[in-house]
Amino acid sequence: MDRELNPWLAAEARFDEAAARLELDEGLRKVLRSPSREITVYIPVQLDDNRIEVFTGYRVQHSIARGPAKGGLRYAPDVTLEEVRALASWMTWKCAVANIPYGGGKGGVICNPTIMSMGELERITRRYTAEIIEFIGPEKDIPAPDMNTNEQVMAWMMDTYSMHMRQTTTGVVTGKPLDLGGSRGRPEATGRGCMIVTLEALKRFKIPPENASVVIQGFGNVGGMAARLMSKRGFRIVCIIEYDGAVYNAKGLDIEKLMQHKKETGSINDFPGGENIDREQALFQKCDVLLPAAKENVITSLTAPKLQCKIITEGANGPTTPPADKILEDKGIFVIPDILANAGGVTVSYFEWVQDRQGYFWNESEVNDRLEAIMINGFNDVMKFHEKYKTNNRTAAYMLALDRVAFAIKLRGLYA
Ligand code: NAD
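**Q** How should I be thinking about the site of the ligand in this particular structure?
**A** Close to the ligand lie 20 residues; Thr190, Asn221, Val222, Glu242 and Asn317 are nearest. In this structure, arginine 279 approaches the ligand through a side-chain N or O atom, which is 3.3 Å from a nitrogen atom. At a separation of 3.0 Å, an oxygen atom of the ligand approaches a polar side-chain atom of asparagine 317. Protein burial of the ligand: of its 840 Å² of free accessible surface, 69% is covered by the chains.

**Q** In this structure, what is going on with the sheet that holds strand E1 (residues 37-46)? I would like to understand it.
**A** The strand order E1-E2-E4-E3-E5 describes an open sheet built from five strands, whose pairing is mixed. The two strands at the open ends of the sheet, each matched to only one other strand, are E1 and strand E5 (141-145). Each strand axis lies, on average, 25° off the axis of its neighbour in the sheet, ignoring direction. Summarising the sheet, strand E3 (residues 69-76) and E5 pair through five bridges and their orientation is parallel. For glycine 71, the partnering residue across the bridge sits in E5 and is proline 143. Against the sheet, helix H4 (residues 118-131) touches E1, strand E2 (52-63), E3 and strand E4 (104-110), its axis set at about 140° to E1.

**Q** Looking at this model, I keep getting lost on empty space enclosed by the protein. Mind explaining?
**A** Sizing a probe to match a water molecule and rolling it over the atoms shows the empty space that remains. This model, assessed by the stated rule, comprises one cavity of 30 Å³ or more. Counted as a void, the largest cavity has a volume near 100 Å³. Along its surface, the largest cavity is lined by 14 residues, and Ala10, Arg14, Trp90, Gly318 and Thr320 are the ones closest to its centre. Counting residues per element, the ones that place at least two in the lining of the largest cavity are helix H1 (7-22) and helix H14 (393-412). Counting residues per element, the lining of the largest cavity draws most heavily on H1, at four residues.

**Q** Would you explain the side chain of threonine 395 in this entry?
**A** Relative to the helices and strands, threonine 395 resides in helix H14. Aside from chain neighbours lying at most four places away, what touches threonine 395 is Glu17, Ala18 and Arg21.

Thresholds applied
- Residues numbered from 1 in each chain as written.
- Predicted model: local features only at pLDDT ≥ 70, side-chain atom pairs only at ≥ 80, totals over all residues.
- Heavy atoms only, no water.
- Near = heavy atom within 4 Å.
- Polar contact = N/O pair within 3.5 Å; in protein donor to acceptor, adjacent residues only side chain to side chain.
- Areas by Shrake-Rupley, 256 points an atom, 1.4 Å probe, with all protein chains shown as cover.
- Pairing = 2+ DSSP bridges.
- Helix = DSSP H or I, 4+ residues; strand = E, 2+ residues; numbered from the N terminus.
- Axes fitted to C-alpha atoms, helices over the stretch in contact; angles between N-to-C directions.
- Contact = heavy atoms within 4.5 Å.
- 1 Å grid on protein atoms, 1.4 Å probe; cavity = no way out; pocket = protein on both sides within 12 Å on 5 of 7 lines; lining within 4 Å.
- Points joined across faces, edges and corners; volume = space filled by probe spheres on them.

Structure representation (structure tokens):
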């Protein structure tokens, strides 16, 4: 089971399968597997009690074949170079599926942000940025928020970079506050992307959204936004599952009221507009769409056999293990894989970078219309690979991504 739950082995397994199906040249496979650059930095920081601590930080650029590297920066005590390296390659495939002109990157600093003051976080962020400054930039590598980093951290990174360059350079990071070159529509983007691809999948089942029942796991940024937008669009959100309980209403939950209830009580439990149900069993109820939007490794060889949904929209990263893929395929469940389903976030990050470089900002409907076009194209492109190679949707998405990146590498040639 440990091997099944290892997301890096899972990413490798999917890479190998897609490369084999594409009959990709062994040399190209080596190039695609290897990161283009890995940077380790040691960050000395004076803590509030005057002690000096040295933190370790990483930035990995997996690929720059299709454009500058793009990917988040996470702060956590268990960050490792292996994890950052795997997440960077994940970003390469996600950007390629969405067909946005980026490679993949990722960064991390080993620290515990829950016990650090704002001042300490600011000093870590600024020194980390200064240490990697020659490797990042709007044309090189564009970090973004990830686990335990946010728009304030991005504002500090942007300011540090700009001070060194002697000019304000908003396009060096995305996920910034709206007043500092952020984009409209970013907070909703991942949830909105999930809704767009789910609508496309429902067309294949000839189910109108008004007749579609949806179960969502996770009521945070992705799950909460998806619930809100899908509910407005007419979907029946019958169940929300959180880490401490699940709430159900066969007629559809009132999502705005549930959000208010969670805000007031700190939990979705005991919501007057629904009933509490067992959170373990909630995943296995009959529904049209299951949207895991909480964490990795939810759909495994143990849980997949019990699922009764028609469509799975993977809002979270890595919610399904490779052995579960096979089970879902045999059950005929239509999976919209994470590298497609949750690509709405990085797509609107791309829009933020475009707007920063233009110095001209779009209204929300422009952002949403362009997001819709990119998500639908990505969905259709994955379907073409699915049909051509008669493979499941996940393998099709990886094949599409590998094919696009390999094609760019071949066109550019190897610089010697
Ligand atoms: P978040 O922290 O805002 O929300 C996660 C929610 O899941 C929280 O409400 C949490 O209480 C709940 N949760 C945690 N463990 C759970 C469990 N065992 N069962 C049920 N609920 C549980 O995080 P997020 O930004 O919404 O990210 C969720 C997932 O989506 C992650 O895998 C993340 O990597 C992925 N993702 C997020 C974005 C984005 O733009 N935020 C983009 C791409 C992918």
